[in-house]
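Descriptive analysis of the structure
Single-letter residue listing:
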Amino acid sequence: MDTEEAVRKVAQLKEKIRQLKEDLTNAETELETILEDRAFKSRPTDGASVRDDTIRRDVSNERDTNGAGQRGAHSTDSQVGDPASPEEIHREPNNVNQTTESDNPNGPVKVEDDCVWYGEVYSKFSKDITERYSRQILLDQVGVMGQEKLLNASVLIVGCGGTGSPCIQYLAASGVGTLGLADYDRVELSNLHRQVIHTTHTIGQPKVTSAKRFISAINRNTIVHAYQTLLDTSNACDIIRRYDVVVDACDNAPTRYLLNDACLREGRPLVSASALGLEGQLCVYNYKGGPCYRCIYPVPPPAETVGTCGDNGVLGPVPGVMGTLQAVETIKLLIGLPVMDKLLVYDAELSKFLSVKLRKKKEDCVCAHPADTQLVDYEVFCSSRANDKTPDISILDPTEHLTALDYRDEFLARRVAHTLLDVRSVDEFAMMSLNIASHATMADVQLMFAEAGECPAFLESLREDILAHRHVFVICRRGNDSQKVVQLLKRYVERHRPGVVYDIRNIKEGYKGWQKYVDNRIPTY
Amino acid sequence: IVLLFGKVKNHDLDLPTGEKPWTIKGLIEWLKLNKLTERPELFVQGDSVRPGILVLINEADWELYGELTYELKENDTIMFISTLHGG
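Residues numbered from 1 in each chain as written. Chains lettered and ligands numbered in written order. Predicted model: local features only at pLDDT ≥ 70, side-chain atom pairs only at ≥ 80, totals over all residues. Heavy atoms only, no water.

All names here are of chain A. Counted by the stated rule, this structure contains 33 salt bridges over all chains. The salt bridge involving E148 is made with K124; its shortest N-O contact spans 3.2 Å. Residue E148 is located in helix α5 (residues 143-152), and its partner K124 is located in the loop between β3 (121-123) and α4 (127-137); the two are separated by 24 residues in the primary sequence. Residue E148 is classed as buried on the basis of its relative accessible area, which comes to 3%. Overall, K124 belongs to the buried group, its relative accessible area being 11%. Residues joined in a network through salt bridges with shared partners are E15, R18, E22 and R186. (Salt bridge = Lys/Arg side-chain N within 4 Å of Asp/Glu carboxyl O. Helix = DSSP H or I, 4+ residues; strand = E, 2+ residues; numbered from the N terminus. Buried < 20%, exposed > 50% of the residue type's maximum accessible area, 1.4 Å probe, protein only.)

Written out as structure tokens, the structure reads:
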């Protein structure tokens with residue numbers, strides 16, 4: 001018992017240290033933000049701080065006639081997808097004196113409602129803004145008016161993960177004035193291969209905090225509203241209403257249906273993307289009479305058919321490509337260029353893009369009467385949780401479980417003869433495993449212990465090896481699949497080994513349990 | 001879905017000709033019987049594909065072609081794509 005107590009104590013202290021480290025990181029971030037803000041505010045009036053004054057929706061006709069003709073028909077000052085009127089769009093209070101003479105020799109001499117004067121020179125935007133966005137203002141398709149629309153626009157990005165990361169990055173860099181970020185989750189090490197706006201320094205922090213920090217490093221002009229919450233029926237409409245466009249960069253089916261319905265209600269276009277493995281999909285819903293998500297997918301997929309990045313894996317740049325495309329379509333939408341009216345499918349394995357012509361809006365769909373859309377409980381509707389975490393199952397009797405700690409103390413430490421059967425995939429087993437473990441995939445196990453049917457010879461000999469010991473323990477990543485195998489094994493020995501008493505148990509919580517209770521140095525994934 | 005068809009992405013099919021022309025409905029049934037290597041419930045539901053699978057006929061939404069009743073022609077490309085939810 002002494003060892004157990006000591007182990008527990010060590011684990012407790014380690015947990016305490018982990019928490020203190022997290023608190024310290026958060027406090028440091030907060031301090032950094034305060035100091036940065038102070039340094040920023042104490043700067044003399046310069047280009048960046050006059051941003052809110054120089055940007056106005058009502059473009060002066062007189063001064064814009066020169067450029068307008070060249071930019072073609074798309075750059076008319078039309079409203080985007082019937083979004084909120086400019087008055088409704090949330091703006092930060094303006095506390096800059098409009099006509100202060102600047103102490104900074106590089107600063108503007110005079111700021112007026114719709115321009116900045118540098119001596120004799122009239123400038124549409126401040127020096128900072130003009131220089132920062134000049135490369136895209138030069139484009140016929142964007143121009144001064146397009147840039148002005150971006151600066152006045154607001155976009156809500158739901159999900160600061162693999163697709164959200166590059167989307168946030170490009171929208172902030174392109175000068176979208178206000179970004180709303182919604183994500184309930186925190187940064188983990190296993191996120192970093194694809195969620196490229198987060199860093200090793202922000203592990204453990206809320207993703208929205210980490211993302212906000214990233215944005216402030218690339219563009220101090222961007223106004224950021226962070227919502228560290230799970231969007232649901234109670235809050236989605238209130239938040240969505242404050243933005244012109246919604247970017248769906250989430251990772252689960254319930255949230256996709258929620259965003260669709262809330263966007264219908266609030267009359268907002270939805271730029272949606274998803275990725276898994278080596279595939280990605282992109283589509284713009286609820287825009288200019290096009291279909292909504294429910295027109296295409298009226299019935300949610302069965303929960304067991306929905307893969308997650310955590311279970312199935314994902315190649316890092318694939319969500320990156322999709323998120324980048326989301327940023328492109330969002331920018332085009334905001335400045336009034338025609339956007340994708342197809343479903344774009346990216347197959348990274350075959351290096352192929354496919355654009356699929358979609359059906360028209362369905363007359364019997366909820367989107368026929370968008371204002372009447374009623375939000376429902378989307379977790380019930382989809383029979384799955386609004387996150388991409390795998391839920392723990394419990395199908396065994398409590399006596400059929402063995403904790404990782406008990407397994408180590410009673411069997412490994414005492415060298416009791418037993419079989420440990422690892423039922424994860426080949427690559428998971430190759431990534432890390434207990435060195436005593438035998439390996440068989442779930443598919444192998446199903447063949448070996450099937451009620452009927454042929455079984456290849458190599459599996460037959462593996463089956464004999466497994467059943468050579470009276471103690472058989474089954475382990476997997478989290479302790480879910482292994483429970484099914486315990487049931488399968490028990491049924492098999494009842495039928496095929498009558499009279500032999502076997503002790504077949506599940507290693508509770510699998511390798512996750514080993515990491516949690518026995519040895520936290522081992523990698524988890 | 002690829003996993004359900006022996007991990008093979010593209011299949012060139014020579015469908016047996018009979019009296020009645022092949023429809024998408026018939027194709028789904030035929031695939032289930034002849035090509036599906038495991039867990040049919042992850043592909044079909046009733047006489048159609050399960051929710052969350054979009055059928056493409058020559059790279060366009062099957063809804064534009066009458067879904068299950070569409071009659072296959074020589075060299076048609078039929079794709080089954082699964083909705084993705086990761087991000």
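Further notes follow.
It is worth spelling out the sheet that holds strand β12 (residues 401-402) of chain A at this point. Residue and element names in this part refer to chain A. Taking strand neighbours across the sheet as the criterion, the five strands line up as β12-β16-β15-β13-β14 in an open arrangement whose pairing is parallel. The sheet is open, and its two edges are formed by β12 and β14 (438-439), each paired on a single side. Here two bridges tie strand β13 (residues 419-422) to β14, and the two strands are oriented parallel to one another. In the sheet register, D422 faces β14, and the bridge partner there is H439. (Pairing = 2+ DSSP bridges.)

Glancing now at the nonpolar core. Within the largest apolar cluster, 40 residues are counted, with the highest numbers of intra-cluster contacts made by V155, I157, I168, L171, V176, L179 and L181 of chain A. Formed by 34 residues, the second largest nonpolar core is a distinct cluster that contains L258 and L343 of chain A together with L56 and I81 of chain B. (Core = buried A, V, L, I, M, F, W, Y, C linked by side-chain atoms within 4.5 Å.)

Turning our eyes to something else, we now look at the confidence of the model for chain A. Looking at chain A as a whole, the pLDDT averages 86, with 86% of positions reaching at least 70. Under a pLDDT of 50 for its full length, residues 44-102 of chain A has, in the predicted model, 120 contacts with residues more than four places off or in other chains. (pLDDT = per-residue confidence, 0-100. Contact = heavy atoms within 4.5 Å.)

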